[in-house]
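Spelled out, the chains give:
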Amino acid sequence: MSTSKQMLLRITGLLAAAALVFVAAPAGAAAAPQAESLYWIRFADNFARCLDSNAQGDVYTHNCQDRNDHQKWDNYTPGKFKNKRTGLCLAGGQSSVFTTSCSVNATDWRTSSTTKKRFTNVSTGLCLHNQGGHGQAVGLRACQSGTAYWTTTKLRS
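Note that the coordinates shown come from a computational prediction; the quantities given were computed from them, not determined experimentally.

Draft legend 1. Geometry of the overall build of the protein. For the protein, the helix and strand inventory stands at one helix and 13 strands. Its helices and strands taken in sequence order, the protein reads α-β-β-β-β-β-β-β-β-β-β-β-β-β from the N to the C terminus. Here the protein, with 157 residues, has 35% of them falling under the buried criterion. Within the protein, contacts between residues at least 6 apart in sequence are counted, and of these 45% link residues at least 24 apart.

Quick look at the structure:
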């Protein structure tokens, strides 16, 4: 084989290898973030009350308001509910509910598949609980409680 043919084969091989690296690189890169799917989490016995939060990490029910980003929750990964305004996740510990960094286990939830859902904190085995009052703190309680039911309403992004 002539030297020019060998050189051409080497260049062709290098180009093919470079093309493979270029094509394969996106697969190894981090996936693009999912589009936001925002929800209101409403107290099931009073649809006018939404799960709300503030910058201090308090979680309570308040009148649902379209323009209140503290009431919008993104189920950005299964079992994690991130507050649109604060970027913190819904969490539970002992009997309290609060928001905190999404990387801690206390932010893992299981929800039932029914219309009236139970939000069960994976760490405690207790459910999100509230009487549906205006400005009333949300806590955790045994899941058999009638005050442990919530609904989700998908919002337009």
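Draft legend 2. Looking closely at the nonpolar core. Counting 14 residues, the largest nonpolar core has Leu51, Leu90, Leu128 and Trp150 as its most contacted members. Apart from the residues lying within four places of it in its own chain, the contact partners of Leu128 are Leu51, Leu90, Val97, Trp109, Phe119, Val138, Gly139, Leu140, Thr147, Ala148 and Trp150.

Draft legend 3. Spotlight on the state of the cysteines. Under the definition given, this model contains three disulfides. Residue pairing for Cys50: its cysteine sulfur links by disulfide to Cys64, the two sulfurs lying 2.0 Å apart. Across the S-S bond linking Cys50 and Cys64, the dihedral sits near 100 degrees, which makes this disulfide right-handed. Here Cys50 is found in strand β2 (residues 49–53), whereas its partner Cys64 is found in the loop between β3 (59–63) and β4 (73–77), with 14 residues between them in sequence. Note on Cys50: relative accessible area 0%, which makes it buried. Linked covalently through their sulfurs, Cys127 and Cys143 form a disulfide whose S-S length is 2.0 Å.

Draft legend 4. Examining the confidence of the model for the protein more closely. Residues at a pLDDT of 70 or more form 77% of the protein, whose mean pLDDT is 81. The model gives residues 4–33 a pLDDT under 50, and that stretch makes two contacts with residues more than four places away or in other chains.

Parameters at a glance
Residues numbered from 1 in each chain as written. Predicted model: local features only at pLDDT ≥ 70, side-chain atom pairs only at ≥ 80, totals over all residues. Heavy atoms only, no water. Helix = DSSP H or I, 4+ residues; strand = E, 2+ residues; numbered from the N terminus. Buried < 20%, exposed > 50% of the residue type's maximum accessible area, 1.4 Å probe, protein only. Contact = heavy atoms within 4.5 Å. Core = buried A, V, L, I, M, F, W, Y, C linked by side-chain atoms within 4.5 Å. Disulfide = S-S within 2.5 Å. pLDDT = per-residue confidence, 0-100.

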